Amino acid sequence: MIIRVENLTKVYDTGAIQVKALSNVSLSIERKEYVAIMGASGSGKSTLMNILGCLDRLTDGKYILDNVDVSTLSDNELAVIRNKKIGFVFQAFNLLPRLSALGNVELPMVYAGLSKSDRRQKAKAALEKVGLGDRMHHRPNELSGGQKQRVAIARALVNDPAIILADEPTGNLDTKSSEEIMNIFEGLNNEGVTIVMVTHERDIAQHTKRAVVFRDGEIISDKQIENRIIRGGSSK
Ligand SMILES: Nc1ncnc2c1ncn2[C@@H]1O[C@H](COP(=O)(O)OP(=O)(O)OP(=O)(O)O)[C@@H](O)[C@H]1O
Ligand SMILES: [Mg+2]
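One structure accompanies this document, and this report is about it. (Residues numbered from 1 in each chain as written. Chains lettered and ligands numbered in written order. Predicted model: local features only at pLDDT ≥ 70, side-chain atom pairs only at ≥ 80, totals over all residues. Heavy atoms only, no water.)

**So, the overall build of the chain**
In terms of regular secondary structure, the chain is built from seven helices and 12 strands. A compact globule built from 236 residues should have a C-alpha radius of gyration of about 18 Å, and the chain, at 18 Å, falls within 12% of that. Looking at the 236 residues of the chain, the share that counts as buried comes to 49%. When contacts within the chain are restricted to residue pairs at least 6 apart in sequence, long-range pairs at least 24 apart make up 66% of them. (Helix = DSSP H or I, 4+ residues; strand = E, 2+ residues; numbered from the N terminus. Rg over C-alpha atoms; globule rule 2.2 N^0.38 Å. Buried < 20%, exposed > 50% of the residue type's maximum accessible area, 1.4 Å probe, protein only. Contact = heavy atoms within 4.5 Å.)

Structure (structure tokens):
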């Protein structure tokens, strides 16, 4: 079990009002799973992802990540775990505009303390893996949306994370680029990476193996995907 959440509650306290974004959520995810998180706007999907990714803390309950109870860790310890175990992919790509594709992908390794030549070599390999070997020196504004997302995936991959957390990774992409991203995720999952991906779209969820649906901060359904889409249209 790589992710185990028990009776998780998250309340945002903005002073005047309190918003209960997640209420008593329990969820377990095994290594090598590929999970879609679904549900209407405001149902708590990003809140869950931020907690799973150790970007935010829970209000109540328990979160065990790879056998570590993260609710007890300090902010510094959380940052270390995040950098080691988790790769993030966001809807808006979140690339640094002044850095090349290569520079963006090298960044997490700077924090991880790798040498310059190791960083360069690994970043190149990651960009080649997502099919961007010929765009390494382009800046984000010189890349298409799909290419930007592939840079973000290369960046997420470069520290060999056990888990990829992706919040609407295809939300800003056309159908063709979305399919490319789904093909890359499928390949990574086949290599053993655990993937948890938020999506609104049924078609996109159909590429995963399991769909967990939220409503008003609670899980209302959790099912294996039937007739999964594999590699550009064929299904299994
Ligand atoms: N930083 C915050 N402070 C206060 N309330 C917040 C904060 N972030 C989210 N919320 C509230 O928590 C609830 C869940 O928000 P969340 O962003 O998790 O929804 P979501 O399912 O990701 O929605 P979407 O599909 O629109 O991205 C919403 O009611 C939202 O207004
Ligand atoms: Mg969201």
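**Some points on the pairing of strand 9 (residues 210-215)**
Most of strand 9 is tucked away, with five of its six residues classed as buried. Where strand 3 (residues 34-39) meets strand 9, five bridges bridge the pair, whose relative direction is parallel. Its bridge partner lying in strand 9, I37 is registered against V212. Relative to strand 10 (residues 218-224), strand 9 is paired through six bridges, and the arrangement is antiparallel. Bridging from a neighbouring strand, R210 pairs with Q224 of strand 10. (Pairing = 2+ DSSP bridges.)

**With respect to the packing of aromatic side chains**
Counted under the stated rule, the structure contains one aromatic pair. On the basis of an interplanar angle of 10° and a centroid distance of 5.7 Å, the ring pair of F88 and F90 is categorised as stacked. Judged by relative accessible area, F88 falls into the buried class, the value being 16%. (Phe/Tyr/Trp six-rings, centres within 6.5 Å; stacked < 30°, edge-to-face > 60°.)

**Quick word on the pairing of strand 2 (residues 18-29)**
With eight bridges connecting them, strand 1 (residues 3-13) and strand 2 associate as antiparallel partners. Bridge pairing in strand 2 links R4 to S28. If you look at the hairpin formed by strand 1 and strand 2, you'll find four residues sitting between the two strands, and G15 has a positive phi there, around 95°.

**As for the sheet that holds strand 9**
In space, the six strands of this open sheet follow the order 6-7-8-3-9-10, with mixed pairing throughout. Unpaired on one side and paired on the other, strand 6 (86-90) and strand 10 mark the two borders of the sheet. Neighbour-to-neighbour, the strand axes of the sheet open up by a mean angle of 15°, direction not taken into account. Bridge count for strand 3 against strand 8 (residues 194-198) is four bridges, and the pairing is parallel. (Axes fitted to C-alpha atoms, helices over the stretch in contact; angles between N-to-C directions.)

**Topic: the pattern of salt bridges**
Tallied over the full model, the rule gives 14 salt bridges. R31 is paired through a salt bridge with D66; the nearest N and O atoms lie 2.5 Å apart. Taken as a pair, R31 in the loop between strand 2 and strand 3 and D66 in the loop between strand 4 (60-65) and strand 5 (68-69) lie far apart in primary sequence, 35 residues in all. By relative accessible area, which is 43% here, R31 ends up partly exposed. Residue class for D66 comes out buried when judged on its relative accessible area of 18%. Here R210 ties to E33 by a salt bridge, and the two come within 2.9 Å at their closest N and O atoms. Here R210 is found in strand 9, whereas its partner E33 is found in the loop between strand 2 and strand 3, with 177 residues between them in sequence. In this pair, the class of R210 matches that of E33, namely buried. Salt bridges sharing partners connect three or more residues here, namely R31, D66 and K85. (Salt bridge = Lys/Arg side-chain N within 4 Å of Asp/Glu carboxyl O.)

**Considerations on the site of ligand 1**
Around ligand 1, the structure places 13 residues, and the nearest of them are S41, G42, K45, S46 and T47. S43 is positioned with one of its backbone polar atoms (N or O) 3.2 Å from an oxygen atom of ligand 1. With respect to ligand 1, the side chain of S46 contributes an N or O atom lying 2.9 Å from an oxygen atom. Burial of ligand 1 by the protein chains amounts to 61% of its free accessible area of 640 Å². Of all the secondary-structure elements, those providing two or more residues to the shell around ligand 1 are strand 2 and helix 1 (45-52). Among the elements that make up the shell around ligand 1, the one with the highest residue count is helix 1 (three residues). Within the shell around ligand 1, the residues separate by chemical class into four nonpolar, eight polar and one charged. (Near = heavy atom within 4 Å. Polar contact = N/O pair within 3.5 Å; in protein donor to acceptor, adjacent residues only side chain to side chain. Areas by Shrake-Rupley, 256 points an atom, 1.4 Å probe, with all protein chains shown as cover. Nonpolar A, V, L, I, M, F, W, Y, C, P; charged D, E, K, R; others polar.)

**Comments concerning the sheet that holds strand 2**
Read from one edge of the open sheet, four strands run 2-1-4-5, paired in antiparallel fashion. In this open sheet, the two strands that pair with only one neighbour each are strand 2 and strand 5. With five bridges connecting them, strand 1 and strand 4 associate as antiparallel partners. Along strand 4, the bridge assignment pairs V5 with Y63. Against the sheet, helix 1 makes contact with strand 1, strand 2 and strand 4, and its axis sits at roughly 120° relative to strand 1, the strand it touches most.

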